Amino acid sequence: MTTIQDAAPGQISFASDRLRPVRIWLYGLAAFVLLIVVVGGITRLTESGLSITSWKPLSGVIPPLNQAQWDAEFEAYKQIPQYSVLNSWMSLDDFKYIFFWEWFHRLLARALGLVFLVPFVIFLFQKRLSRDLALPLFGLFVLGGFQGALGWWMVSSGLTELTSVSQYRLAAHLTAASLLFIALIFVARSLTPGRVLGHVTRFHMITASVLVAAVIFQIGAGAFVAGLDAGMGYNTWPLMDGAIIPNGLLVMDPAWRNLFENALTVQFVHRMIAYAIVAYIAWLLWTRNRDGGFGGVHGWLPRLGLVVLLQVALGIATLLTSVPISLAVGHQALAFMLAGLAIAYLADLRRVG
């Protein structure tokens, strides 16, 4: 790791570290959120998200168990535009396949609430959580519940007029998931005992914060790409539609709509943000190398640079191969991992002493 956990005088030692179970729990929750994101990506790519047309927080945990229940679920799906416009060819067995992914995604989301709440209550009884820590952690629980509400809000957008979910609501859903993910990692990292070595200035804090914001912004931009299936077209690189700057970026009126509704523009913006992040990381590496190297807390930077390059390569491969599920889901998961590394760097910068 990039930190040196030498317990300073008066600090908690590992032997008496009462917050260690809390940190493990928080990292476990972050991993669980990442799993939900992966399954959500598969749900999106298999166009399974609209297969369950109602929200039943408790009874929805149990899938259809007999033929009559399956027939009822399939009949409900037949009433929405996605079936009549795109999937009227489906048999019940085909429906069961897409139903599974949406049901599994919702099941994991429900389970996240229990995985949070049960240990949280136990830690309160064990007095591992101070008031100053318990309240922010409960805030994360509320954020998780809000994320679930956003999920149903997203699904409901595709039940009456659209044949898929709104890209605006998909972006809100995925961005909220990324905020929950980085918040869990930030809190866990901030609770780590011991000192972090390194020279930290206001410049480092600001540039690390900008990096975190840029990665989250890019995740949101990627959601618009997914929502419009924009990755299915313009499958060349580095040229796009035969040019570095393709024609047709601003064909919609008013112009702002192109940023969210024009598949060409949405993919172009996603590419440009990726280039900007690569350039920004390269600049951070150059300035840090010039100003003292990568010892201590700044050892995060070379790792961040490597993951950014891997993410760009994976994104290009996903594009060139017309978005196969395995690469697309890997691209989304690695974006979250990059955000996690960036927030861990920021948290450690705050712990230097």
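A. Region of interest: the environment of Leu180. Tracing the chain through its elements places Leu180 in helix H6 (residues 167-190). Between the C-alpha atom of Leu180 and that of Gln147, which follows or precedes it by 33 residues, the distance is 8.4 Å. Sequence-distant contacts of Leu180, defined by excluding residues within four places in its chain, comprise Val33, Leu112, Leu140, Leu143 and Gly144.

B. Molecular detail of the packing of H6 against helix H7 (residues 202-227). For the pair H6 and H7, the least separation of the axes is 8 Å and the interaxial angle reads 145°. The handedness of the crossing between H6 and H7 is right-handed. Contact residues: Gln167, Tyr168, Leu170, Ala171, Leu174, Thr175, Ser178, Leu179 and Ile182 in H6; Val212, Ile216, Ile219, Gly220, Ala223, Phe224, Ala226 and Gly227 in H7. Taken together, the residues of the contact of H6 with H7 sort by class into 12 nonpolar, 5 polar and no charged.

C. Focus on the packing of aromatic side chains. Going through the model one piece at a time under the given rule, you end up with 24 aromatic pairs. Seen in terms of ring centroids, Tyr77 and Phe95 are 5.4 Å apart; in terms of plane orientation they differ by 35°. Their pairing is tilted. With Tyr77 in helix H2 (residues 67-77) and Phe95 in helix H4 (residues 92-125), this pair connects stretches of sequence that are 18 residues apart. As far as burial versus exposure is concerned, Tyr77 and Phe95 are alike and both buried. The cationic tip of Lys78 hangs over the ring face of Phe74; the distance from NZ or CZ to the ring centre is 4.6 Å.

D. Geometry of the pattern of salt bridges. Taken as a whole and assessed by the stated rule, the structure comprises 7 salt bridges. Put simply, Arg44 and Asp229 hold a salt bridge, and the shortest N to O gap is 3.3 Å. Here the residue Arg44 occupies a position in helix H1 (residues 20-45), and Asp229 occupies one in the loop between H7 and helix H8 (258-261), the gap between them amounting to 185 residues. The salt bridge partner of Arg290 is Asp291, with a shortest N-O separation of 3.4 Å. Judged by its relative accessible area of 45%, Asp291 is partly exposed. The network of salt bridges with shared partners includes Arg189, Asp348 and Arg351.

E. Structural context of the layout of surface pockets. The volume enclosed by the second largest pocket comes to roughly 260 Å³. What lines the second largest pocket is a set of 16 residues, among which Lys56, Ser59, Gly60, Ile62 and Glu73 lie closest to the centre. Breaking the lining of the second largest pocket down by element, the ones donating at least two residues are H2 and H4. At 4 residues, the largest contribution of residues to the lining of the second largest pocket is made by H4. Taken together, the residues of the lining of the second largest pocket sort by class into 8 nonpolar, 4 polar and 4 charged.

F. Representation of the environment of His270 in the model. Inspection of the secondary structure assignment puts His270 in helix H9 (residues 263-291). With 45 residues separating them along the chain, His270 and Val225 place their C-alpha atoms 7.6 Å apart. Residue contacts for His270: discarding those within four places in its chain leaves Gln218, Ala221, Gly222, Val225 and His331.

G. Looking closely at empty space enclosed by the protein. By the definition in use, this model includes 1 cavity of 30 Å³ or more. Computed from the structure, the largest cavity encloses a volume of approximately 70 Å³. Looking at the lining of the largest cavity, the elements with two or more residues in it are H7 and H9. It is H9 that provides the largest number of residues to the lining of the largest cavity, a total of 4 residues. Split into classes, the residues belonging to the lining of the largest cavity amount to 4 nonpolar, 3 polar and 2 charged.

Thresholds applied
Residues numbered from 1 in each chain as written. Predicted model: local features only at pLDDT ≥ 70, side-chain atom pairs only at ≥ 80, totals over all residues. Heavy atoms only, no water. Helix = DSSP H or I, 4+ residues; strand = E, 2+ residues; numbered from the N terminus. Contact = heavy atoms within 4.5 Å. Axes fitted to C-alpha atoms, helices over the stretch in contact; angles between N-to-C directions. Left-handed = near helix turned anticlockwise from the far one by under 90°. Nonpolar A, V, L, I, M, F, W, Y, C, P; charged D, E, K, R; others polar. Phe/Tyr/Trp six-rings, centres within 6.5 Å; stacked < 30°, edge-to-face > 60°. Buried < 20%, exposed > 50% of the residue type's maximum accessible area, 1.4 Å probe, protein only. Lys NZ or Arg CZ within 6 Å of the ring centre and 35° of its normal. Salt bridge = Lys/Arg side-chain N within 4 Å of Asp/Glu carboxyl O. 1 Å grid on protein atoms, 1.4 Å probe; cavity = no way out; pocket = protein on both sides within 12 Å on 5 of 7 lines; lining within 4 Å. Points joined across faces, edges and corners; volume = space filled by probe spheres on them.

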